[in-house]
Amino acid sequence: MSAVPEVLFGSVAPEHEDPRLLGRDVRRIAFDAATLRSRVIELGQEIHDAYPDGDLLVLGLLKGSFVFLADLVREIRRPLHVDFLVASSYGDATISSGEVRLVYDPETALEDKHILLVEDIVDSGRTLRKLLTLLEARAPQSIEICALLHKRIATELAHPVRFVGFDAPNEFLVGYGLDHAENFRHLPYVASLR
Ligand code: PRP
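Residues numbered from 1 in each chain as written. Predicted model: local features only at pLDDT ≥ 70, side-chain atom pairs only at ≥ 80, totals over all residues. Heavy atoms only, no water.

Caption draft 1: Just the overall build of the protein chain, in detail. Helix and strand content of the protein chain: three helices and 10 strands. In sequence order, the secondary structure elements of the protein chain are arranged as β-β-α-β-α-β-β-β-α-β-β-β-β. For the protein chain, the residues scored as buried account for 50% of the 194 residues in total. Look at the contacts in the protein chain between residues 6 or more apart in sequence, and 64% of them connect residues 24 or more apart. (Helix = DSSP H or I, 4+ residues; strand = E, 2+ residues; numbered from the N terminus. Buried < 20%, exposed > 50% of the residue type's maximum accessible area, 1.4 Å probe, protein only. Contact = heavy atoms within 4.5 Å.)

Caption draft 2: Region of the structure containing the confidence of the model for the protein chain. Counting all residues, the mean pLDDT for the protein chain is 87, and 85% of those residues have values of 70 or more. Every residue in residues 92-97 is under pLDDT 50, and counting partners more than four places away or in other chains gives four contacts. (pLDDT = per-residue confidence, 0-100.)

Caption draft 3: The arrangement of the pairing of strand β2 (residues 26-31) in detail. By the criterion of burial, β2 is predominantly enclosed, with five of the six residues buried. Where β2 and strand β10 (residues 190-193) come together, four bridges link them in antiparallel fashion. Note that in β10 the partner of Ile-29 across the bridge is Ala-191. (Pairing = 2+ DSSP bridges.)

Caption draft 4: Representation of the environment of Leu-135 within the structure. Relative to the helices and strands, Leu-135 is located in helix α3 (residues 126-136). With relative accessibility at 0%, the residue Leu-135 sits in the buried group. Sequence separation between Leu-135 and Leu-117 is 18 residues, and the spatial gap between their C-alpha atoms is 9.7 Å. Residues in contact with Leu-135, not counting those within four places in the same chain, are Leu-59, Leu-85, Leu-110, Leu-117, Pro-140 and Ile-143.

Caption draft 5: Focus on unusual backbone geometry. Residue Leu-62 is joined to Lys-63 through a cis peptide bond whose omega torsion reads 5 degrees. Summarising the element assignment, Lys-63 is placed in the loop between β3 (56-62) and α2 (66-73). A positive phi angle is found at Tyr-176, which is not glycine, with a value near 50 degrees. Topologically, Tyr-176 is positioned in the loop between β9 (173-174) and β10. Of note, the phi angle at Ala-181 is positive, near 50 degrees, even though the residue is not glycine. Within the secondary structure layout, Ala-181 lies in the loop between β9 and β10.

Caption draft 6: The site of the ligand, seen in detail. Neighbouring the ligand are 15 residues, the closest being Glu-119, Asp-120, Ser-124, Gly-125 and Thr-127. Asp-123 has a polar backbone atom sitting 2.9 Å from an oxygen atom of the ligand. Between an oxygen atom of the ligand and a side-chain N or O atom of Asp-179, the distance comes to 3.3 Å. Contact with the protein chains covers 69% of the free accessible surface of the ligand, which is 490 Å². (Near = heavy atom within 4 Å. Polar contact = N/O pair within 3.5 Å; in protein donor to acceptor, adjacent residues only side chain to side chain. Areas by Shrake-Rupley, 256 points an atom, 1.4 Å probe, with all protein chains shown as cover.)

Below is the structure:
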């Protein structure tokens, strides 16, 4: 019988026997489904309150943001549009140039719109730094970031993350969109793997 993992946020749940985990040992459930749900509702209200008028375009960065974004937009009770970004980095050799290539570029024009960029997790901040440079060049009216999880270790982020779900432990987190080798994105909670 496996040990019940330590729970960082939320109640102890039977997820340690979850067949979706492929037998992997969960170190702990960092954020259970109920905890995620209640914070996403709060974030929806915070975003609603922050945008009184104007065109709001919610841009989800794939793949990691897809679960969070789907839940989040249903809690933002105002008109908005949704689109996605798929980014590909040129690799370490070109990081200093800040280059990022968009494999999928949003079809909507960004000019004069309020852009809310949605991320699952901010780790080093490198992804966001490069994307923001690219998006700011398209003259949006405003650009803000909403991240479900923030490790607070980002040294490369000049633009503050305005909407944060939770400060996250510096552990290998999976679930609710986050993966390990493409597995575990469909977990309804966030767990850390051993
Ligand atoms: C992950 C995550 C963030 C980024 C955070 O994406 O979804 O986009 O890394 O890391 P950083 O702050 O150190 O840049 P990943 O490249 O694994 O792609 P995915 O979204 O398809 O999982």
